[in-house]
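Chains, contacts and geometry: an overview
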Amino acid sequence: MQVSKSIGISLLWIVGFVLVCAGISNNDPYLVPLRGTGNLLLVVASAAVVLLLVRRTGWRRRTLAGRLLVILWCLPPLAVLAAHGVFELRKHRVLRTEPVLARSLGQHFIVGYRSFDEVAPLVEKGFIAGIYVTGRNVAGRTADALKTEIAALQARRGAAGLPPLMVATDQEGGIVSHLVPPLTRLPALASLADLAPDERKAKAEEFGRIHGRELASLGINLNLAPVLDLRPDARHDRLDFNTLINQRAISADPAKVSAVAGAYIHGLESAGVSATVKHFPGLGRVRADTHHFDADLDTPVGELDATDWRPFRDVLSTTGARLMVGHVAVSALDPGRPASHSKVVVDGLLRKTWNYQGIVMTDDLVMGAIYQHDVCTAVVEALNAGVDLLLVAYDGLQFYRLFACATDAAARGELDAAMLHDSETRLGRALLID
């Protein structure tokens, strides 16, 4: 009995410390599932344990260790409250940003959201250029409900005299089909790679038209697809829980990737939906999952140019696609700095060497390869590198932190005015094309 009691008390100490840490870190993207109902359960559990501990032996008769244990279990709700207070203060500060600055910086952000009320103020005040919709926005809802919601946000945009929202999603086909249901489930583009050339082109265009028509019918005008990463050798990385590029890549053959992706994009564009090719500089050779870990691409530039980068150059030169830059560092160009905020990669390689003057956007900045480091540095360096759009997809509430990083940098004079001007020109041109 004594052993069981000791184990129980030890567990109470351990769990109590864990819950305090969870409360303190409540604003962290990794703890998104804890928000809302999770926080309520945490508070209820803490109160129940405190009540149980006090009722068992009272307060006066408890030892110092016992009193400290009771105090420990009082802390999780206070930690949650403090974290929420920090978030609300940051949100209040951001929403008070001077309107001209808000719209100037806001044109560079695309943000995911969980409810209409959460995102509406950002939409109508020009704090963002676009929204990102995914499975959470259609769960338990009809396509018409999402269509009505997007239309309402666009109406608020128009009433405020602002450009139309970019409305983005991930609808690649295969395992990444975030709006299925209610939209049609299509196979991955990889299923077309080994068809005869004419059939392959026709099928890929058809896939693009189907995606395009269905997305456009909802008011979505930007698809974050197709994937141009080369398929890696067959292997299983036990730490790759999210990227799963071996299931998403079209082929290991650059020519086949270019052919399938190019045809798909033409089909998508015929329906009025823009494509976004990803994830430059390529994930096919990378073992680490950038959702959680840093990743380096150690291959020589000459080899990359002839293989992994060939589909990007082919497709960007023949379509109006945007380009998503991932959080992989190219060791030969800018070691240790993810390409998504590397001026050497974005301004040097893409803009000057490749002469690509289209829209460049980051992969989701709420990913471990960025967020576990100095996310403010990433935001400022990305804007100064000539990145046009910063994606905040998984946890849209992180927008307030990232936007505060940008406004603080502007106040310190750390943003490159020439780069921002060029980016504004590209974004304006893209809106006219759309």
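Placed above this text is the structure.
Below is a short write-up of the structure. (Residues numbered from 1 in each chain as written. Predicted model: local features only at pLDDT ≥ 70, side-chain atom pairs only at ≥ 80, totals over all residues. Heavy atoms only, no water.)

**Topic: the overall build of the protein**
Short version of the rule: Segments assigned H or I by DSSP are reported as helices when at least four residues long, segments assigned E as strands when at least two residues long, and all are numbered from the N terminus. All radius of gyration figures rest on C-alpha atoms, and the globule criterion is 2.2 Å times the number of residues raised to 0.38. Accessible area is worked out with a 1.4 Å probe on protein chains only. A residue is then buried under 20% of its type maximum, exposed over 50%, and partly exposed in between. Residue contacts are counted whenever heavy atoms from the two residues lie within 4.5 Å of one another. Surface exposure here means Shrake-Rupley accessible area, sampled with a 1.4 Å probe, where a residue is shielded only by the protein chains that are shown.
Scanning the protein from N- to C-terminus turns up 17 helices and 12 strands. Relative to the 2.2 N^0.38 estimate, which gives 22 Å for 434 residues, the radius of gyration of the protein is 24 Å and therefore close to what a compact globule would have. Seen along its three principal axes, the alpha-carbon backbone of the protein occupies a region of about 85 × 50 × 45 Å. Looking at the protein as a whole, 51% of its 434 residues are labelled buried. For the protein, contacts bridging at least 24 residues in sequence account for 74% of all contacts bridging at least 6. Of the roughly 19300 Å² of accessible surface on the protein, 60% is carried by carbon and sulfur atoms.

**Observations regarding the pairing of strand β9 (residues 322-325)**
For clarity, the cut-off: Here, a strand pair is defined by DSSP locating no fewer than two bridges between the strands.
Across the two faces of β9 the burial is the same, with Arg-322 and Met-324 and Leu-323 and Val-325 all buried. Here 3 bridges tie strand β7 (residues 274-280) to β9, and the two strands are oriented parallel to one another. Residue Val-277 lies in a different strand from β9, and its bridge partner there is Leu-323. Here β9 pairs with strand β11 (residues 360-362) via 3 bridges, running parallel. Bridging across to β11, Leu-323 finds its partner in Val-360.

**Some remarks on the state of the cysteines**
Applicable threshold: Count a disulfide wherever a pair of cysteine sulfur atoms falls within 2.5 Å.
In the structure shown here, the tally under the stated rule is 1 disulfide. Covalent S-S linkage joins Cys-376 and Cys-405, the inter-sulfur distance amounting to 2.0 Å. Judged by the sign of its S-S torsion, about -65 degrees, the bond between Cys-376 and Cys-405 is left-handed. Of this pair, Cys-376 sits in helix α15 (residues 375-385) while Cys-405 sits in helix α16 (residues 399-411), and the two are 29 residues apart along the sequence. Since its relative accessible area comes to 29%, Cys-376 is described here as partly exposed. According to the relative accessible area criterion, Cys-405 is buried, its value standing at 4%.

**With respect to the side chain of Asp-364**
Going by this rule: Polar contact is defined as a pair of N or O atoms within 3.5 Å, subject to the rule that within protein one atom must be able to donate a hydrogen and the other to accept it, and that residues adjacent in sequence are counted only when both atoms are side-chain atoms.
Considering the arrangement of structural elements, one finds Asp-364 in the loop between β11 and α14 (368-371). A distance of 3.0 Å separates the side chain of Asp-364 from the backbone nitrogen of Val-366, its partner in a polar contact. The residues touching Asp-364, leaving out its near neighbours within four places in the chain, are His-327, Leu-391, Val-392, Ala-393 and Tyr-394.

**Some thoughts on helix α3 (residues 64-95)**
Keep this limit in mind: In this scheme, a helix's expected span is set at 1.5 Å multiplied by one less than its residue total. To get the bend at a given residue, fit one axis to the seven residues ending there, fit another to the seven starting there, and take the angle between those axes.
Taking 1.5 Å per residue as the helical rise, α3 with its 32 residues ought to reach 46 Å, and the 46 Å between its terminal C-alpha atoms agrees with that figure. At Pro-76, α3 is bent by approximately 30 degrees, the largest bend along its length. Listed as buried for α3 are Gly-66, Leu-69, Val-70, Leu-72, Trp-73, Pro-76, Ala-79, Val-80, Ala-83, Phe-87 and Val-94.

**Comments concerning the packing of helix α1 (residues 2-24) against α3**
The line we're drawing: In this description, a line fitted to the C-alpha atoms serves as the axis of each element, helices being fitted only across the stretch in contact, and the angle between N-to-C directions of two axes falls anywhere from 0 to 180 degrees. Oblique is the label for any angle not covered by the other classes, which are roughly parallel (under 35 degrees), roughly antiparallel (over 145) and roughly perpendicular (65 to 115). By definition, turning the near helix anticlockwise from the far helix through less than a right angle yields a left-handed crossing, and turning it clockwise yields a right-handed one. Under the scheme applied, nonpolar residues are Ala, Val, Leu, Ile, Met, Phe, Trp, Tyr, Cys and Pro; charged residues are Asp, Glu, Lys and Arg; polar residues are all the others, including Gly.
Axis separation between α1 and α3 bottoms out at 7 Å; the angle between their running directions is 20 degrees. Comparing their axes, α3 and α1 come out roughly parallel. For the pair α1 and α3, the sense of crossing is left-handed. From α1, Ile-9, Leu-12, Trp-13, Val-15, Gly-16, Phe-17, Leu-19, Val-20, Gly-23 and Ile-24 reach across to α3, where they touch Ala-65, Leu-68, Leu-69, Leu-72, Trp-73, Leu-75, Pro-76, Ala-79, Val-80 and Ala-83. The residue makeup of the contact of α1 with α3, split by class, is 18 nonpolar, 2 polar and no charged.

**Considerations on the pattern of salt bridges**
Here is the rule: Any Lys or Arg side-chain nitrogen located within 4 Å of an Asp or Glu carboxyl oxygen qualifies as a salt bridge.
Applying the stated criterion across every chain, the model contains 20 salt bridges. Among the salt bridges present, the one from Arg-412 reaches Glu-414, with a minimum N-O distance of 2.9 Å. Ionic contacts of the salt-bridge type, sharing partners, join the residues Asp-170, Glu-172, Arg-248 and Lys-278 into one network.

**Some words on a nonpolar patch on the surface**
Put simply, the rule is: A patch consists of residues exposed above 30% relative accessible area that lack any salt bridge, with like charges linked at up to 9 Å and nonpolar side chains (Val, Leu, Ile, Met, Phe, Trp, Tyr) linked at up to 5 Å.
A cluster of nonpolar residues, Val-3, Ile-7, Leu-11, Ile-14, Val-15 and Val-18, forms a patch on the protein surface that exposes about 550 Å² of accessible area. Within the element layout of this structure, Val-15 appears in helix α1. Overall, the relative accessible area of 37% leaves Val-15 in the partly exposed class.

**Description of helix α8 (residues 197-218)**
Over its 22 residues, α8 extends 32 Å from the first C-alpha to the last, a length consistent with the 32 Å expected when each residue adds 1.5 Å. Those residues of α8 that fall on the buried side of the exposure criterion are Arg-200, Ala-204, Phe-207, Gly-208, Ile-210, His-211, Gly-212, Glu-214, Leu-215 and Leu-218. Buried residues along α8 sit against α7 (143-159), β3 (166-169), β4 (171-173), β6 (222-223) and α10 (254-270). Positioned one or two residues after α8, Gly-219 has a phi angle of 100 degrees, which is positive.

**What about the sheet that holds β6?**
Hydrogen bonds between backbone atoms are what pair the strands of a sheet, whose relative direction is either parallel or antiparallel. Pairing is parallel in the open sheet, where 8 strands are placed in the order β11-β9-β7-β6-β3-β2-β1-β12. This sheet does not close on itself; its edge strands, each paired only once, are β11 and β12 (390-392). Sheet analysis places β6 next to β7, joined by 2 bridges and oriented parallel. Bridging across to β7, Leu-222 finds its partner in Ser-274. Across the face of the sheet, α16 comes into contact with β1 (109-112) and β12 while running at roughly 165 degrees to β1.

**Here's the deal with the nonpolar core**
For clarity, the cut-off: For the purposes of this section, nonpolar cores are sets of buried Ala, Val, Leu, Ile, Met, Phe, Trp, Tyr and Cys residues that join through side-chain atoms within 4.5 Å.
Counting residues in hydrophobic clusters, the biggest one holds 97 residues, and the most contacted among them are Phe-109, Ile-128, Ile-131, Val-277, Phe-280, Leu-323 and Phe-399. In terms of residue count, α16 provides more of this core than any other element does, 8 residues in total. Ignoring sequence-local partners within four residues, the contact set of Leu-323 consists of Thr-276, Val-277, Phe-280, Phe-312, Leu-316, Leu-350, Tyr-356, Ile-359, Val-360 and Met-361. Counting residues in each nonpolar core, the second largest holds 15 residues, with Ala-129, Leu-222, Met-324 and Leu-389 among its members.

**Let's talk about the packing of helix α5 (residues 116-124) against α7**
Where α5 contacts α7, the axes come no closer than 9 Å and their chain directions differ by 30 degrees. In terms of axis orientation, α5 runs roughly parallel to α7. Crossing geometry of α5 relative to α7 is assigned as right-handed. Along the contact surface, α5 presents Phe-116, Val-119, Ala-120, Leu-122, Val-123 and Glu-124, while α7 presents Glu-149, Ala-152, Leu-153, Arg-156 and Arg-157.

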